[in-house]
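# Descriptive analysis of the structure
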Amino acid sequence: MIQEFKKVWKQYTIGMLWLLGLLWPLLGIHPDGTMTFQTTFTVWTYILAGSFVCLVIYVTKVSGALKFFADPISRGLGNIKTTSTALPTWVWLAAGLIVALIYPQFAGRYGTDVAISVLLYICLGLGLNVVVGLAGMLDLGYIAFYGVGAYTYAILNTTYGLGFWVCLPMAAFFACVAGCIVGYPTLRMRGDYLAIVTLGFGEIIRIILNNWMELTNGPNGILGVKSIGIFLPVFENGFTFEHFWMKKLQLFYYFALGLAIVAAICVHRLNFSRVGRAWESIREDETAAELMGVNTFIYKLLAYAMGAIFAGLAGAFFAARMRFVSPESFTFLESAMVLCMVVLGGMGSIPGIILGVAALIALPEVFRQFESYRMLIFGATMVIMMLFRPAGLIPAKRVGTRSEEKEG
Amino acid sequence: MSMQPILELKNVHSGYGSIKALKGISLKVMPGEVVAIIGANGAGKSTTLMTICGIVKTEKGEVLYQGKVINKVSPEKLPTLGLCQVPEGRRIFPRLTVTENLRLGAFYRDDTDQIMKDIQHSYEMFPILGERKNQQGGTLSGGEQQMLAIARALMTKPKLLLLDEPSLGLAPIIVQQIFDIIAQINKEEGVTILLVEQNANLALQAASRGYVVETGEITLEDEAQSLLSNPKIREAYLGE
């Protein structure tokens, strides 16, 4: 039995020594030239002890020593799984919706604020999912359309005084136009080349925002963007509608929730339509799709435009909530972040993306107390997740889910 | 012959950038025929099919389908005209299910009821596909994938089917099965077939006429039987 795990322990030893070699330059070498070993060793011992315990549990579990303990647990988990699949999907959806609706009543200001970010990124993630997950085009400049949406509202509002509700469809429209303009020349490329070109176009849009002083006020950004105006019924002196500016965070939360739900429904409907089928065929094999009569260029452009529309909507909302826009919010890092959420959650899977977004927004918040190690832990979590769940947290279900199979 | 050929290539040149793959290919396919194009690796067989389908652009010459020039017709329009290709290496959609693959074959059609019937018909023709209809295409074996690729192409209701190397990478017994299916499609469904093969023996046995391609040019054209007995062909392509 010891022999079986000899390899595991050997690899563990090598791995820990490698980690020591990696940690020391990070923690032991100081800018003033002194070199210490104490901190490195302390941190290393913590990691060593922690992973040792995990490994011992793993080894005893594999060797079967924990059977008396693990069996009831796995049986319990199996029971939970069967009951969860026994319940119809709408029960889960309704439960999720109710939790989402009452959430701001229990969460504080901070909690609601984080939740709004999550919902906004869900909208972005679902939009990018259309491009990356369904049509299979790696888009590294996606956040540019978010920027176009945000700037559309900010400029139209501050210059022409147009209200949010007028600007929301316009933001979507302009983002869509931007998507088509960028998409038209780039979509002739495939794979890696497309990724690089979209990266370039994303940067071009950001740099335009940064340098077009007359229109965008350059790096200073645009201040004084109005919040969302809503009409609420008032019952004093009879029945009238009165105009309010949305100031309460909870209202923003509900609006973001609505936006995310609309995005989720749209993406779901698109996925299971003829258009979705065309996108998936392009993702699987572009030449074969073309030979089967799919107009690949039009459908790729459509995917790009649809993705941009969701980003534009989210962008307009972002501008209304922050009441300030500047080019810094639309850097490449943001694009990469949204892409991470989509890939981590599971490309093409809506619940996966929601979970991926929640994980990537919530994790840095949870690890705030670790201060400078925060990003280190964040990175390690990503690596571990990709090792154990390469298809994402909730991979897209691919077998027997299509409507036409139920018909036939 | 007064009959109009379903497909005719007139002195077609094409290639990839500066590399010229086809240097004047001319051939004719009559309705109802099975025609084989044989040749060695890199002779330009697959490029001929890709040029007919417009994936590789024609540089010179004309491709006529049912008497109309289709050089400038974009590739995705061709299935609507009844011209479909089963590409080399099958190229099924690996992560889509068998049914979804078939649905994509019928992409341009909007007669849902008839599509459903045609899918059922495919399952009757290829029972193994019916058994695996909810399985992902990539999980099928090579022979099953080839059947799926043929079934998918048949979903477009083709008049002319282009088959590129249907025997590629398959076990001999499966290859025989595939060629039986090809003969069946030709006889029972009345589909004209243009076949590209490295396996010259099999292709010429299945075909009525054959063309031999060498470095982008047609070097020989004859009835399949006479090509089979031609000593030069026997030496060059049949390994004797």
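Residues numbered from 1 in each chain as written. Chains lettered and ligands numbered in written order. Predicted model: local features only at pLDDT ≥ 70, side-chain atom pairs only at ≥ 80, totals over all residues.

Quick look at the overall build of chain B now. The helix and strand tally for chain B stands at 10 helices and 10 strands. Taken over C-alpha atoms, the radius of gyration comes to 17 Å for chain B, in line with the 18 Å a tight globule of 240 residues would show. With the principal axes as the frame, chain B shows a C-alpha extent of 45 × 40 × 40 Å. Counting all 240 residues of chain B, 47% fall into the buried class. Relative to all contacts within chain B whose residues are 6 or more apart in sequence, the contacts with residues 24 or more apart total 68%. (Helix = DSSP H or I, 4+ residues; strand = E, 2+ residues; numbered from the N terminus. Rg over C-alpha atoms; globule rule 2.2 N^0.38 Å. Buried ≥ 20, exposed ≤ 12 C-beta atoms within 10 Å, placed from the backbone. Contact = placed C-beta atoms within 7 Å.)

With 163 residues, the main nonpolar core has C123(A), Y153(A), A175(A), A303(A), L313(A), A314(A) and L195(B) as its most contacted residues. The leading source of residues in this core is helix α13 (residues 296-322) of chain A, at 17 residues. Setting aside its immediate chain neighbours within four residues, C123(A) contacts L259(A), A260(A), A263(A), F310(A), L313(A) and A314(A). (Core = buried A, V, L, I, M, F, W, Y, C linked by C-beta atoms within 7 Å.)

Turning our eyes to something else, we now look at the pairing of strand β10 (residues 217-223) of chain B. Residue and element names in this part refer to chain B. Relative to β10, strand β9 (residues 209-214) runs antiparallel, the two being bridged by six bridges. Note on β10: the bridge partner recorded for E214 is E217. Linkage of β9 to β10, two consecutive antiparallel strands, is achieved through a turn of two residues, within which T215 is found at a positive phi near 40 degrees. (Pairing = 2+ DSSP bridges.)

As a further point, take the interface of chain B and chain A. Listed per partner, the contact involves 28 residues of chain B and 22 residues of chain A. For the side of chain B that touches chain A, the elements supplying multiple residues, two or more each, are α2 (78-81), β6 (83-86), α3 (98-105) and α4 (112-125) of chain B. In terms of residue count, the dominant contributor to the side of chain B that touches chain A is α3(B) (five residues).

The phi dihedral of N217(A) falls on the positive side, at around 60 degrees, and the residue is not glycine. Judged by C-beta crowding, with 18 C-beta atoms within 10 Å, N217(A) ranks as partly exposed. Despite not being glycine, T215(B) has its phi angle at roughly 40 degrees, a positive value. Mapped onto the fold, T215(B) is located in the loop between β9 and β10.

In a beta sheet, neighbouring strands pair by backbone hydrogen bonds and run either parallel or antiparallel. All names here are of chain B. Read across the sheet, four strands follow the order β2-β1-β4-β5 without closing on themselves; strand pairing throughout is antiparallel. The open sheet has two edge strands, β2 (19-29) and β5 (68-69), and neither has a second partner. Direction of pairing for strand β4 (residues 58-65) relative to β5: antiparallel, over a ladder of two bridges. Bridge assignment links L64 to a residue of β5, and that residue is V69. Helix α1 (residues 45-52) rests against β1 (7-16), β2 and β4 of the sheet, and its axis sits at about 70 degrees to β2. (Axes fitted to C-alpha atoms, helices over the stretch in contact; angles between N-to-C directions.)

The next thing to look at is the packing of helix α6 (residues 143-160) of chain A against helix α7 (residues 164-186) of chain A. Residue and element names in this part refer to chain A. The contact between α6 and α7 brings their axes to 8 Å, and the two run at 140 degrees. As far as their axial angle goes, α7 and α6 are oblique. The handedness of the crossing between α6 and α7 comes out as right-handed. Residues F145, V148, G149, T152, Y153, L156 and N157 of α6 form the contact with α7, whose participating residues are F164, C167, M170, A171, F174, A175, A178 and G179. Taken together, the residues that form the contact of α6 with α7 break down as 11 nonpolar, four polar and no charged. (Parallel < 35°, antiparallel > 145°, perpendicular 65-115°, else oblique. Left-handed = near helix turned anticlockwise from the far one by under 90°. Nonpolar A, V, L, I, M, F, W, Y, C, P; charged D, E, K, R; others polar.)

It is worth spelling out the environment of V383(A) at this point. Position of V383(A) relative to the elements: it lies in helix α16 (residues 374-388). Each C-alpha atom, one on V383(A) and one on S74(A), is 26 Å from the other, the two residues being 309 residues apart in sequence.

Moving on, we come to the sheet that holds β6(B). Residues and elements named next belong to chain B. Across the sheet, six strands lie side by side as β6-β7-β8-β3-β9-β10; this open sheet has mixed pairing. Here the strands that pair on one side only, and so sit at the sheet edges, are β6 and β10. On average, each strand axis in the sheet is inclined to that of its neighbour by 15 degrees, with strand direction left out of account. Contacts from α1 reach β3 (34-39), β6, β7 (160-164), β8 (192-197) and β9, with the element oriented near 145 degrees to β7.

Looking now at helix α14 (residues 332-345) of chain A. Residues and elements named next belong to chain A. Taking 1.5 Å per residue as the helical rise, α14 with its 14 residues ought to reach 20 Å, and the 20 Å between its terminal C-alpha atoms agrees with that figure. Within α14, the full set of buried residues consists of E334, S335, V338, L339, M341, V342, V343, L344 and G345. Buried positions along α14 lie against α5 (109-134), α6, α8 (191-211), α15 (350-366) and α16. A positive phi of about 125 degrees marks G346, the residue just after α14. (Expected span 1.5 Å × (residues − 1).)

If you check the domain split of chain A, you get domain 1 (3-84) and domain 2 (108-407). Taking only C-alpha atoms, the centre of domain 1 of chain A and the centre of domain 2 of chain A are 37 Å apart. (Domains from an automatic or database assignment.)

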